[in-house]
Amino acid sequence: MVKTKVENRIDGLEKEMGSVKEDLGSVKEYLLEFREWMRLRDKKEESQSCEKGKVAMTENSNSEESGVHDRSNGGEIGREDKRIKKLELLVFNGDDPYRWTFRANQYFVINQYEEEEKVEATAVCIEGRGGIILGPSFLGGYKAFNDKIFSPKSLLWDKTIARVGIVYFIFIFSVKLDKSLMLHTLKRRWGLGLTGFIFPFITSFCVSRLVHNQIKNGISGDWALMTILSHLSLSYFSVVAHALDDLNLVNSELGHLALSCALSKDIVAYGVMILFSILQQGFTLELLYSKLSTIAMLLFSVFILRPQMMWIIKKTPEGKPIEQIYVVAILLGALVMGALSDCNEGNLVQGAVLMGLIIPAGPPLGSTVVEKCEFVNSNILLPYLHIRIGLYTNIYSLKNWVEIISFELILLAAYFGKMVGTYFGLLYLKPGLRNAIIVGLMLNVKGILDFISPISWTVNKIVDEQYYTQIMISRILLTAIIQPLIAILYKPRKTAGKPCDPKEIRRRTLQTTALDSELRILCGVHFEDNVHSIITFLKATNTNTTGPICAYIVHLVELVGRQIPMLIPYDLRKRRSTTNATDRIIAAVSKYSKTSIAPVTIQPYRIIASYDNMHESVINLAEHYFVPLILIPFNSSLETCQRSTGLRNFNLHLQTYSPCSVGILLDRGLPRSLNSTHFSYNVAVFFLGGHDDREVMALVKRMSTNPDVSITVLRILLVEVYGQADNDSEKSLDEMVIKDFMATNIGNASVVCHETVANNTKDLVDVIRSADNNYDLVITGTRRGPKSILEKELLPWTEYKELGVIGDMIASSEFCWGMVSVLAMHSFGDAERSGFFAPFLSYTEVTSDSSSNFSSSNLENT
């Protein structure tokens, strides 16, 4: 079977290569014709421009116009040629300037840019720390460069685009924010937010009083200082979430705690800053009109716009995209709301926040809006904001070192006070000093939102150029230090196999779970099609003669259009006017639990996370409830390759890091012996030995007590070369498991056991292919051991490594015409004992004579 499979793949590759060569030949001919046509067109236009000049002065002017004309033609040719050349000019964020410069030079050479066009393209692609390069600190200090690139007209254009970028950035952040989470966090963590804001404000205020005489020249008044101090005390939720996502700590325990602190602090600080603004302006008629206008905008958003958003969601069929006209209207509405709030209070943020908060996060509307807007805003609009940040940053303005040191003490006091406030706010949670410091560092990370307010300060003359530059440089250096420091200090456990208490290991394996005790299974569901296979597995496993089953049904949803991942318990008692996929999944499983003869308890959850980090949420839930088995469906045919890759990586991560057994279930449809009144299920087990196969026997031992389940155990004795000690210990453990299973099922007519010897992998393949095809489910382990010849020879030909070598073989169309469901078991204990945690990562060696074992067939049936 393996040989045939390889030959078929080689034949298919040869056919594909032949077609690719033909396509490349036609493309080459087209490019040559296109190049010749462009050359003739350029030559014709040059001749026409030269014939127009007959007088010397006229010829000079015509030659200049021709140069401009030729350059524009070259630009047009370059733009048309971009349809062929796919090299892109990446945005420079300040990291690895040599690599970016090399890539930019390649881009300019291929696309034939003129010198002025190179400067314009580079100006757009400078971001963050790179924006300072264009400012007066570096290139902007040269008058010729400054006059050429940043003319008054260009500055107005840059300012307008930057403000639009700010509006959409705040809008996207508000759309991603989960409103229920915000209210829940405010209710539970308001004290944490209050201490996290008050402590840095008080410490920085006290230091500012001590150095008041040294800093008063650069700050316009006491209220301006209060505004700066309140801003220094903030920790923006979006900034913290983005930084933790870069560090892959969003799903960690301290990551969740830092996000709760940041969100509660944002809410509390926003109210305090509104109070400051009222006290600063005093109660006037103008202030009253302004606040009434803000309240009117709020009421209009909640009672007029919000119902319209819900109507759009209700009108759109489930699974269908939102109509483009609605998305465009919402994006324009964000600009309108930002402009209204700017006219009202001189603040773009309020309108963008209101527009974003009324849009439900996640699919279908929130995810669509974010998808349509985020890429354009991040790569086109926001780079102009970074240019604007750099234009106001001038390191040559740092002259008065007494003022610089005094103001830096205020900044450090705010950073230190934030950590102290976080520690006191977390005292009732008892996180420990080290963890409190780490959370404080997370809250001190700075991002794009922290750079927006200082721009308005320097424009409105609240601070001078020196203090603005100092704030910017301080925040850049602080972030550059804090993020690596967090990565060094905080290393959450990423690998399973290292639980704190060895007793927990015994509770998390099927082999040590007694038949009369409760069996806890965490069942993951990606799509509604997976529900049937989960219910069928629970029916086959659940009997009256064994302990009850507690099934944790978890709907796994990809994180789209949200800020952070979430694990949400599902309330079965809550009545819902409209239903979604989660409601239907939980309803189907709940119906089974109510009609099941044997007791089944359902605990429903919903996990919203990216596929790269989803396994962490699943593992945390399994650890919390001491679950010995995680059951995840395998989806072989999916809509997009990207989603398929994400799901497969999720399965592999789950197998690698789970502290318990993981079953990957490939469902082929309805059972063969389907009867409307009687459940019947035919299960086969291929037992080759090893810890994974012993875990399989523990599972089918429980299934064997179900009279509606027929079990066929085929033990295959594969002659392999192990170390003698390993071989003896493995054989003794395998014999104990088989004898215990047979002793338990003496007199059970539903259980049949066979034993076969295979001298090599070819014999093994023949045995599996010749197996009876009257099976509903085949259960097998994923690994045999790090020294297994079977793994070394067959692993390179395995398509789905998460199913294991045998599981992938059974899942292929060559076994029973691809009609048999497969359950691949991956046990945690083997990784601990053997010293490797990632499945298949140790099986990379393929010997040169691996094919020699496919020589003869020698089967002995006992």
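From a predicted model like this one, the values you see are computed outputs, not experimental measurements. (Residues numbered from 1 in each chain as written. Predicted model: local features only at pLDDT ≥ 70, side-chain atom pairs only at ≥ 80, totals over all residues. Heavy atoms only, no water.)

Can you help me understand the overall build of the chain in this one?
Tallying secondary structure elements over the chain gives 31 helices and twelve strands in all. In the chain, buried positions account for 49% of the 862 residues. For the chain, the proportion of contacts with a sequence separation of at least 24, taken over those separated by at least 6, is 83%. (Helix = DSSP H or I, 4+ residues; strand = E, 2+ residues; numbered from the N terminus. Buried < 20%, exposed > 50% of the residue type's maximum accessible area, 1.4 Å probe, protein only. Contact = heavy atoms within 4.5 Å.)

What exactly am I supposed to notice about the packing of helix H28 (residues 761–769) against helix H30 (residues 804–811) here?
To characterise two packed helices, one gives the angle between the axes of the helices and the distance between these axes. Two elements in contact, H28 and H30, have axes separated by 11 Å at closest approach and are oriented at 45°. Taken together, the axes of H28 and H30 are oblique relative to one another. The interaxial crossing formed by H28 with H30 has right-handed handedness. For the pair H28 and H30, the contacting residues are Leu-764, Val-765 and Ile-768 in the first and Ile-806, Met-809 and Ile-810 in the second. Of the residues assigned to the contact of H28 with H30, the class counts are six nonpolar, no polar and no charged. (Axes fitted to C-alpha atoms, helices over the stretch in contact; angles between N-to-C directions. Parallel < 35°, antiparallel > 145°, perpendicular 65-115°, else oblique. Left-handed = near helix turned anticlockwise from the far one by under 90°. Nonpolar A, V, L, I, M, F, W, Y, C, P; charged D, E, K, R; others polar.)

Looking at this structure, I do not really get the nonpolar core. What am I missing?
For soluble globular proteins, nonpolar side chains are generally found buried alongside one another. Phe-171, Ile-219, Met-355, Leu-385 and Met-442 are the most contacted members of the largest nonpolar core, which has 104 residues in total. Sequence-distant contacts of Ile-219, defined by excluding residues within four places in its chain, comprise Ala-224, Leu-225, Ile-228, Phe-407, Ile-462, Val-463 and Tyr-467. (Core = buried A, V, L, I, M, F, W, Y, C linked by side-chain atoms within 4.5 Å.)

Can you walk me through the pattern of salt bridges in this structure?
Pairing between side chains becomes possible if they bear opposite charge and their charged atoms approach one another. Going through the model one piece at a time under the given rule, you end up with eleven salt bridges. Its salt-bridge partner being Glu-518, residue Arg-520 comes within 3.1 Å of it at the nearest N-O pair. The exposure class assigned to Arg-520 is partly exposed, which follows from its relative accessible area of 27%. Note that Lys-701 and Asp-740 form a salt bridge whose closest N and O atoms lie 2.6 Å from each other. With Lys-701 in helix H26 (residues 691–703) and Asp-740 in helix H27 (residues 724–744), this residue pair connects regions lying 39 residues apart in the sequence. One continuous salt-bridge network, built from bridges that share partners, spans Arg-715, Glu-735 and Glu-755. (Salt bridge = Lys/Arg side-chain N within 4 Å of Asp/Glu carboxyl O.)

Where do I start with helix H14 (residues 324–345) in this structure?
Working note: α-helix, 3.6 residues per turn, so residues spaced by three or four point in the same direction. Under the 1.5 Å per step criterion, the end-to-end length of H14 is 32 Å for 22 residues, consistent within 8% with the ideal 32 Å. Among all positions in H14, only Tyr-326, Val-327, Ile-330, Leu-331, Gly-333, Ala-334, Met-337, Gly-338 and Ser-341 are buried. Projection of H14 onto a plane perpendicular to its axis shows the buried side chains occupying an angular sector of 150°, all on one side. The exposed residues of H14 that point more than 90 degrees off its buried face are Ile-325 and Cys-343. Each element contacted by the buried residues of H14 is listed here: helix H7 (152–176), helix H13 (285–315), helix H15 (348–357) and helix H16 (365–391). (Expected span 1.5 Å × (residues − 1). Arc of directions from axis to C-beta.)

What is the right way to look at the packing of aromatic side chains in this model?
Any aromatic ring pair is given by two values, namely how distant the centres are and how the planes are angled relative to each other. Counted according to the given criterion, the structure contains twelve aromatic pairs. An angle of 80° between the planes, with centres 6.0 Å apart, marks the rings of Trp-311 and Tyr-326 as edge-to-face. Here Tyr-326 lies in helix H14 and Trp-311 lies in helix H13, a separation of 15 residues in the sequence. For Tyr-326, a relative accessible area of 15% translates into the label buried. In this structure an aromatic cluster arises from ring pairing among Phe-197, Phe-201 and Phe-205. (Phe/Tyr/Trp six-rings, centres within 6.5 Å; stacked < 30°, edge-to-face > 60°.)

Is there a simple way to explain the pairing of strand S7 (residues 681–687) in this structure?
Each regular strand carries side chains that alternate between the two faces of the sheet. Most of S7 is tucked away, with seven of its seven residues classed as buried. Of the two faces of S7, the one carrying Tyr-681, Val-683, Val-685 and Phe-687 and the one carrying Asn-682, Ala-684 and Phe-686 are both buried. Pairing between S7 and strand S8 (residues 709–718): seven bridges, direction parallel. Its bridge partner being in S8, Asn-682 is matched across the sheet by Ser-710. Between S7 and its parallel partner S8, the chain crosses via H26, and the hand of that crossover is right-handed. Across three bridges, the pairing between S7 and strand S10 (residues 777–781) is parallel. Looking at S10, one finds that Ala-684 is bridged to Val-778. (Pairing = 2+ DSSP bridges. Right-handed = clockwise from strand over helix to strand, strands pointing away.)

Is there a simple way to explain the packing of H13 against H14 in this structure?
Close contact between H13 and H14 brings their axes to 11 Å; oriented N to C, the two are set at 175°. Between H13 and H14, the angle falls in the class roughly antiparallel. Between H13 and H14, the contacting residues are Ser-290, Lys-291, Ser-293, Thr-294, Met-297, Ser-301, Leu-305, Met-309, Trp-311, Ile-312 and Lys-315 on the first element and Tyr-326, Ile-330, Met-337, Leu-340, Ser-341, Asn-344 and Glu-345 on the second. Across the contact of H13 with H14, the residue classes break down as nine nonpolar, six polar and three charged.

Before we go on, may I ask you to explain helix H24 (residues 614–624) in this structure?
Buried residues dominate H24, accounting for nine of its eleven residues. Of the residues making up H24, those classed as buried are Met-614, His-615, Glu-616, Ser-617, Val-618, Ile-619, Leu-621, Ala-622 and Glu-623. Positive backbone phi, approximately 55°, marks Phe-626, located one or two places after H24.

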